[in-house]
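Spelled out from the first residue to the last, the chains are:
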Amino acid sequence: MKALAHPARMAVFDFLGTRRVEGFDGATATEIAEVAGMTPSAMSYHLRTLAKAGFIEEAPSRGDARERVWRLALDSFSISAEDDASPADRVVERTMGQMFTDRQEQNYERWLDRRLDASREMRDATVASQGRLRLTLEEAKEYIQRFHDLEGEYAERSRKRSEKGPDPDDGTVVFNYLFRVFPQS
């Protein structure tokens, strides 16, 4: 978890995840640095740190052997400290959870900034939903499992499209999603 505890590394994770869903197999340090607002050499340091932690890996070359392409080494992961975690690890867990939330909020705010310029069809395909459910612990677990099952079904569709590569004519759009289930305090 500590390997991701830097805004530039979160930007890498977000960018490479989006690239994968779009059908591209990774990006170079220069391409990633541009998105993160860094120099390629500074970005290379962060990429090596993420690779050492197992979050990213080298992708096959695009033909230029001098060009180093990086891609995500995993599809998803959870941030969760063990029950007996040290106070420092608990702080890392909290910080990482906040960083992912902040990144999602930034993505959502960018959407809000351009939402009214999007087509009605695109606006109708988006939703921000909040509510309260009065559930037993078992019902909450069932709710989460059913969501994960549904998410898994659509993630598989997305993965198959991504493996085919980019296709600007397939009618797809990359959507961000955020799902929160937590007890009221």
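These numbers come from a predicted model, not from an experiment. (Residues numbered from 1 in each chain as written. Predicted model: local features only at pLDDT ≥ 70, side-chain atom pairs only at ≥ 80, totals over all residues. Heavy atoms only, no water.)

Caption draft 1: Structural detail: the sheet that holds strand E2 (residues 56–58). The antiparallel open sheet is built from three strands, whose spatial order is E1-E3-E2. Only two strands of the sheet have a single neighbouring strand rather than two, namely strand E1 (27–28) and E2. With two bridges joining them, E1 and strand E3 (residues 69–72) adopt antiparallel strand pairing. Looking across to E3, one finds that Ala-27 is bridged to Trp-70. Here helix H1 (residues 7–22) sits on the sheet in contact with E1, E2 and E3, set at roughly 85 degrees to E3. (Pairing = 2+ DSSP bridges. Helix = DSSP H or I, 4+ residues; strand = E, 2+ residues; numbered from the N terminus. Contact = heavy atoms within 4.5 Å. Axes fitted to C-alpha atoms, helices over the stretch in contact; angles between N-to-C directions.)

Caption draft 2: Inspection of the nonpolar core at higher detail. If you look at the biggest cluster of nonpolar residues, it comprises 15 residues, and the most contacted ones within it are Val-12, Leu-16, Ile-32, Met-43, Leu-47 and Ile-56. Within the residue set of this core, elements represented by two or more residues are H1, helix H2 (29–36), helix H3 (40–52) and E3. (Core = buried A, V, L, I, M, F, W, Y, C linked by side-chain atoms within 4.5 Å. Buried < 20%, exposed > 50% of the residue type's maximum accessible area, 1.4 Å probe, protein only.)

Caption draft 3: Seen up close, the packing of H2 against H3. Their axes nearest at 8 Å, the elements H2 and H3 cross at an angle of 100 degrees. Put simply, H2 runs roughly perpendicular to H3. Contact with H2, carried on its side by Ala-29, Thr-30, Ile-32, Ala-33 and Ala-36, involves Pro-40, Met-43, Ser-44 and Leu-47 of H3 and no other residues of that element. Class assignment of the residues belonging to the contact of H2 with H3 gives a composition of seven nonpolar, two polar and no charged. (Parallel < 35°, antiparallel > 145°, perpendicular 65-115°, else oblique. Nonpolar A, V, L, I, M, F, W, Y, C, P; charged D, E, K, R; others polar.)

Caption draft 4: Broad picture of the pattern of salt bridges. Applying the stated criterion to the full structure yields 10 salt bridges. Across the salt bridge formed by Glu-153 and Arg-157, the nearest N and O atoms sit 3.3 Å from each other. In this pair, Glu-153 and Arg-157 are both assigned in helix H6 (residues 137–164), four residues apart and thus about one turn of the helix distant. Using a relative accessible area of 41% as the deciding quantity, one classes Arg-157 as partly exposed. (Salt bridge = Lys/Arg side-chain N within 4 Å of Asp/Glu carboxyl O.)

Caption draft 5: Molecular detail of the packing of aromatic side chains. On inspection of all chains with the given rule, the structure shows two aromatic pairs. Summarising the aromatic geometry, the rings of Phe-13 and Phe-55 are spaced 6.4 Å apart at their centres and angled 90 degrees between planes, so their arrangement reads as edge-to-face. Of this pair, Phe-13 sits in helix H1 while Phe-55 is found in the loop between H3 and E2, placing the two residues 42 residues apart along the sequence. For the pair Phe-13 and Phe-55, one class covers both residues: buried. Given a relative accessible area of 15%, Phe-13 falls into the buried group. Each member of the aromatic cluster is reached from another via a ring pair, and the members are Phe-13, Phe-55 and Phe-100. (Phe/Tyr/Trp six-rings, centres within 6.5 Å; stacked < 30°, edge-to-face > 60°.)

Caption draft 6: Representation of the side chain of Asp-14. Relative to the assigned elements, Asp-14 resides in helix H1. Only 3.1 Å separates the side chain of Asp-14 from the side chain of Arg-103, close enough to count as a polar contact. Those residues in contact with Asp-14 that lie beyond four places of it in its chain are Arg-103 and Asn-107. (Polar contact = N/O pair within 3.5 Å; in protein donor to acceptor, adjacent residues only side chain to side chain.)

Caption draft 7: Spatial organisation of a nonpolar patch on the surface. Taken together, the side chains of Leu-133, Leu-135 and Tyr-143 make up a nonpolar region of the molecular surface, amounting to roughly 290 Å² of accessible area. Considering the arrangement of structural elements, one finds Tyr-143 in helix H6. Judged by its relative accessible area of 37%, Tyr-143 is partly exposed. (Patch = residues over 30% accessible without salt bridge, like charges linked within 9 Å, V, L, I, M, F, W, Y side chains within 5 Å. Areas by Shrake-Rupley, 256 points an atom, 1.4 Å probe, with all protein chains shown as cover.)

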